[in-house]
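# Observations on the three-dimensional arrangement
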Amino acid sequence: MNKAYAKAGGCASETIENIKTVNALQCEDARIEEYDTHLVEARDAGEARSKRIGFANGLVFSTGNFMTGCTLLFVSFYSAMRIREDGLHPMYGGDADGTYKPSSDAFVAMFMI
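Here we summarise the structure given alongside this text. (Residues numbered from 1 in each chain as written. Predicted model: local features only at pLDDT ≥ 70, side-chain atom pairs only at ≥ 80, totals over all residues. Heavy atoms only, no water.)

We now examine the pattern of salt bridges. Inspection of the entire model under this criterion finds four salt bridges. For Glu34, the salt bridge goes to Arg31, with nearest N and O atoms at 2.9 Å. Here the residue Glu34 and the residue Arg31 both occupy positions in helix 3 (residues 28-86), the gap between them amounting to three residues, near one helical turn. Looking at Glu34, the relative accessible area reads 30%, which means it is partly exposed. Take Arg31: its relative accessible area is 16%, and that puts it in the buried class. Across the salt bridge formed by Glu47 and Arg43, the nearest N and O atoms sit 3.8 Å from each other. Of this pair, Glu47 and Arg43 both sit in helix 3, separated by four residues, roughly a single helical turn. According to the relative accessible area criterion, Arg43 is partly exposed, its value standing at 47%. (Salt bridge = Lys/Arg side-chain N within 4 Å of Asp/Glu carboxyl O. Helix = DSSP H or I, 4+ residues; strand = E, 2+ residues; numbered from the N terminus. Buried < 20%, exposed > 50% of the residue type's maximum accessible area, 1.4 Å probe, protein only.)

And the structure:
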């Protein structure tokens, strides 16, 4: 990216320093075209760099969300397995004998976690 800006700056400097020659040869349009070409190269390089950085940032920040999702799934499946095997403690909505009667309390409790 810096090389493309350097080329554009060099083209502009050279044109300004030799403005009389450029005018005499009537090649203003060619010099403008060359300058624009270098600026387009610089813009394309900057966009490519920004895309790579954005993709890397997306991976970094999505890793935390992925780990949180995996943890919630593990805890949910593990809790469901324990409830099926051992029953639900009365403190959490189970009967005294450990059986579980589905109700909206469990649904509300899952959203409170």
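On we go.
Inspection of the secondary structure assignment puts Thr15 in helix 1 (residues 2-17). Separated by 3.0 Å, the side chains of Thr15 and Arg31 make a polar contact. With residues near it in sequence (within four places) discarded, Thr15 still touches Val22 and Arg31. (Polar contact = N/O pair within 3.5 Å; in protein donor to acceptor, adjacent residues only side chain to side chain. Contact = heavy atoms within 4.5 Å.)

Topologically, Val22 is positioned in helix 2 (residues 19-25). We classify Val22 as buried; its relative accessible area is 7%. Apart from the residues lying within four places of it in its own chain, the contact partners of Val22 are Thr15, Cys27, Glu28 and Arg31.

Let's shift gears to the state of the cysteines. Tallying each qualifying case throughout the model produces zero disulfides. Not engaged in a disulfide, the cysteine Cys27 finds its nearest cysteine sulfur in Cys11; these two sulfurs lie 9.9 Å apart. (Disulfide = S-S within 2.5 Å.)

Here helix 1 crosses helix 3 at 160°, and the two axes come no closer than 7 Å. Viewed along their axes, helix 1 and helix 3 adopt a mutual orientation that is roughly antiparallel. With respect to the hand of their crossing, helix 1 and helix 3 are arranged in left-handed fashion. Residue-level contacts link Ala4, Tyr5, Lys7, Ala8, Cys11, Ala12, Glu14 and Thr15 of helix 1 to Arg31, Glu34, Tyr35, His38, Leu39, Glu41 and Ala42 of helix 3. When the residues that make up the contact of helix 1 with helix 3 are grouped by side-chain class, the tally is eight nonpolar, two polar and five charged. (Axes fitted to C-alpha atoms, helices over the stretch in contact; angles between N-to-C directions. Parallel < 35°, antiparallel > 145°, perpendicular 65-115°, else oblique. Left-handed = near helix turned anticlockwise from the far one by under 90°. Nonpolar A, V, L, I, M, F, W, Y, C, P; charged D, E, K, R; others polar.)

With that settled, the discussion passes to the packing of aromatic side chains. Tallying each qualifying case throughout the model produces one aromatic pair. Relative to Tyr78, the ring of Phe74 lies with its centre 5.9 Å away and its plane at 15°, an arrangement referred to as stacked. With Phe74 and Tyr78 both in helix 3 and four residues apart, this pair spans about one turn of that helix. Residue classification places Phe74 among the exposed residues on the basis of a relative accessible area of 55%. Residue Tyr78 is classed as partly exposed on the basis of its relative accessible area of 39%. (Phe/Tyr/Trp six-rings, centres within 6.5 Å; stacked < 30°, edge-to-face > 60°.)

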